[in-house]
Amino acid sequence: GRKGRVVPLSQIHSLRPSLQPRAWLDVMASAHTSRSDKNEAMEEILILAKDKDISRWFLEEGILDSLMYILSTYFRNYSSFLREEPPTHETSEQFISFKPGGEAFHHAKLAANCCVALGKAHCAAVHTEGDLLLMSAYSRGSVPVERQLAQMLFEVPHHMKVLNHPGGQGGSV
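In this text the structure is predicted, and so the values were computed from the model without any measurement.

Student: Looking at this model, I keep getting lost on the overall build of the protein. Mind explaining?
Tutor: Each helix and strand counted, the protein has 8 helices and 2 strands in total. Tracing the protein from N to C terminus, the helices and strands come up as α-α-α-α-α-α-α-α-β-β. Among the 173 residues that make up the protein, the fraction classed as buried is 37%. Counting contacts in the protein only where the partners sit at least 6 residues apart, residues at least 24 apart contribute 56% of the total. Carbon and sulfur atoms form 57% of the exposed surface of the protein, whose accessible area is close to 10,600 Å².

Written out as structure tokens, the structure is:
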């Protein structure tokens, strides 16, 4: 790995196609890339996730860590606003950003859509048509997206920040 070096977005599209997924993953994993850069990376990941092999690679390389961090940060801040508490140290954004149409909302929605796309690809790759037990539980033989997402989150290791309430220290699992 090239720790600390992230290919500028303007150069990623000119890379060989086989190198692009790594470059987009680096954008997602870096603490130094902006929200708009991460949004562009997630839009590309949505396209790339249609390929089962690339999807599997993203999951093996830990893309869920970045996506789940975006989602957990969004929901933590959104719930703080709803409880009329000051936002966490992670943001100085106004509540409007967390509502539909806002920048934080859009960022979290892209992350959620990436999770859904990766979940579909994961189930298609791992749970083949031979997986009759799973399929027989559903009418018309199609597994609901929610189940596909839950299956991926259950089967693919990823880090999640755990907050112990009330007043406890957060940890990582």
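Student: Which parts of the structure should I look at to understand the confidence of the model for the protein?
Tutor: Fine structural detail should not be taken from predicted coordinates in areas where pLDDT scores are low. For the protein, mean pLDDT is 82; residues scoring 70 or higher make up 77% of the total. Across the protein, helix 3 (residues 35-48) holds the top mean pLDDT of 97, while strand 2 (residues 171-172) sits lowest at 44. The low-confidence segment residues 165-173 (pLDDT under 50) makes 12 contacts with residues lying over four places distant or belonging to another chain.

Student: I'm lost on the pattern of salt bridges in this one. Help?
Tutor: A side chain with one charge may pair with a side chain of the opposite charge, provided their charged atoms come close. On inspection of all chains with the given rule, the structure shows 5 salt bridges. Among the ionic pairs, Arg-22 bridges to Glu-61, the shortest N-O distance being 2.8 Å. One end of the pair, Arg-22, is in helix 2 (residues 20-29); the other, Glu-61, is in the loop between helix 4 (52-60) and helix 5 (63-82), with 39 residues separating them in the sequence. Residue classification places Arg-22 among the partly exposed positions, given a relative accessible area of 30%. The class of Glu-61 is partly exposed, set by a relative accessible area of 38%. Of the charged contacts, one joins Arg-35 and Glu-93 as a salt bridge, the two residues approaching to 2.5 Å between their closest N and O atoms.

Student: Honestly, the packing of helix 6 (residues 103-126) against helix 8 (residues 145-155) in this entry has me stumped. Any pointers?
Tutor: Helices that pack against each other are described as a pair by the angle of their axes relative to one another and the distance between those axes. Packing of helix 6 against helix 8 brings their axes to within 8 Å, and their N-to-C directions diverge by 80 degrees. With respect to their mutual orientation, helix 6 and helix 8 come out roughly perpendicular. Touching Cys-115, Val-116, Leu-118, Gly-119, Lys-120, His-122, Cys-123 and Val-126 of helix 6 are Val-145, Gln-148, Leu-149, Gln-151, Met-152 and Glu-155, all from helix 8. Taken together, the residues that form the contact of helix 6 with helix 8 break down as 8 nonpolar, 4 polar and 2 charged.

Student: What should I look at first to understand the nonpolar core in this one?
Tutor: Nonpolar side chains tend toward joint burial in soluble globular proteins. Formed by 34 residues in total, the largest nonpolar core has its most connected members in Trp-24, Met-28, Met-42, Ile-63, Leu-67 and Leu-118. Counting only elements with at least two residues in this core, the list comes to helix 1 (9-12), helix 2, helix 3, helix 4, helix 5 and helix 6. Setting aside residues no more than four positions away along its own chain, Met-42 makes contact with Met-28, Leu-67, Ile-70, His-107, Leu-110, Ala-111 and Cys-114.

Student: Would you mind going over the packing of helix 5 against helix 6 with me for this structure?
Tutor: One can describe the packing of helix 5 onto helix 6 by two numbers: an axis separation of 9 Å at closest approach and a directional angle of 140 degrees. Taken together, the axis directions place helix 5 and helix 6 in an arrangement best described as oblique. Between helix 5 and helix 6 lies a crossing of left-handed hand. Contact residues: Ile-63, Leu-64, Leu-67, Met-68, Ile-70, Leu-71 and Tyr-74 in helix 5; Ala-104, Phe-105, His-107, Ala-108, Ala-111, Ala-112, Cys-114, Cys-115 and Leu-118 in helix 6. For the contact of helix 5 with helix 6, a count of residues per class yields 15 nonpolar, 1 polar and no charged.

Student: How do you make sense of the packing of aromatic side chains when you look at a structure like this?
Tutor: One pair of aromatic rings is described through two measures. These are the centre distance and the angle between the planes. Summed over the entire model, instances satisfying the criterion amount to 8 aromatic pairs. With a centroid separation of 5.2 Å and 80 degrees between ring planes, the pair formed by Tyr-74 and Phe-75 is classed as edge-to-face. A residue is classified by how much of its surface remains accessible, and Tyr-74, at 8% relative accessible area, is buried. Since its relative accessible area comes to 51%, Phe-75 is described here as exposed. Through successive ring pairs, a cluster of aromatic residues spans Tyr-74, Phe-75, Tyr-78, Phe-81, Phe-95, Phe-98 and Phe-105.

Student: Which parts of the structure should I look at to understand helix 5?
Tutor: Note: α-helices contain 3.6 residues per turn, so residues at a spacing of three or four share the same orientation. End to end, helix 5 covers 29 Å across 20 residues, agreeing with the expected 28 Å (1.5 Å per residue, within 8%). Across the 20 residues of helix 5, 14 count as buried, placing the element largely inside the fold. Positive backbone phi, approximately 55 degrees, marks Glu-84, located one or two places after helix 5.

Cut-offs and rules
- Residues numbered from 1 in each chain as written.
- Predicted model: local features only at pLDDT ≥ 70, side-chain atom pairs only at ≥ 80, totals over all residues.
- Heavy atoms only, no water.
- Helix = DSSP H or I, 4+ residues; strand = E, 2+ residues; numbered from the N terminus.
- Buried < 20%, exposed > 50% of the residue type's maximum accessible area, 1.4 Å probe, protein only.
- Contact = heavy atoms within 4.5 Å.
- Areas by Shrake-Rupley, 256 points an atom, 1.4 Å probe, with all protein chains shown as cover.
- pLDDT = per-residue confidence, 0-100.
- Salt bridge = Lys/Arg side-chain N within 4 Å of Asp/Glu carboxyl O.
- Axes fitted to C-alpha atoms, helices over the stretch in contact; angles between N-to-C directions.
- Parallel < 35°, antiparallel > 145°, perpendicular 65-115°, else oblique.
- Nonpolar A, V, L, I, M, F, W, Y, C, P; charged D, E, K, R; others polar.
- Core = buried A, V, L, I, M, F, W, Y, C linked by side-chain atoms within 4.5 Å.
- Left-handed = near helix turned anticlockwise from the far one by under 90°.
- Phe/Tyr/Trp six-rings, centres within 6.5 Å; stacked < 30°, edge-to-face > 60°.
- Expected span 1.5 Å × (residues − 1).

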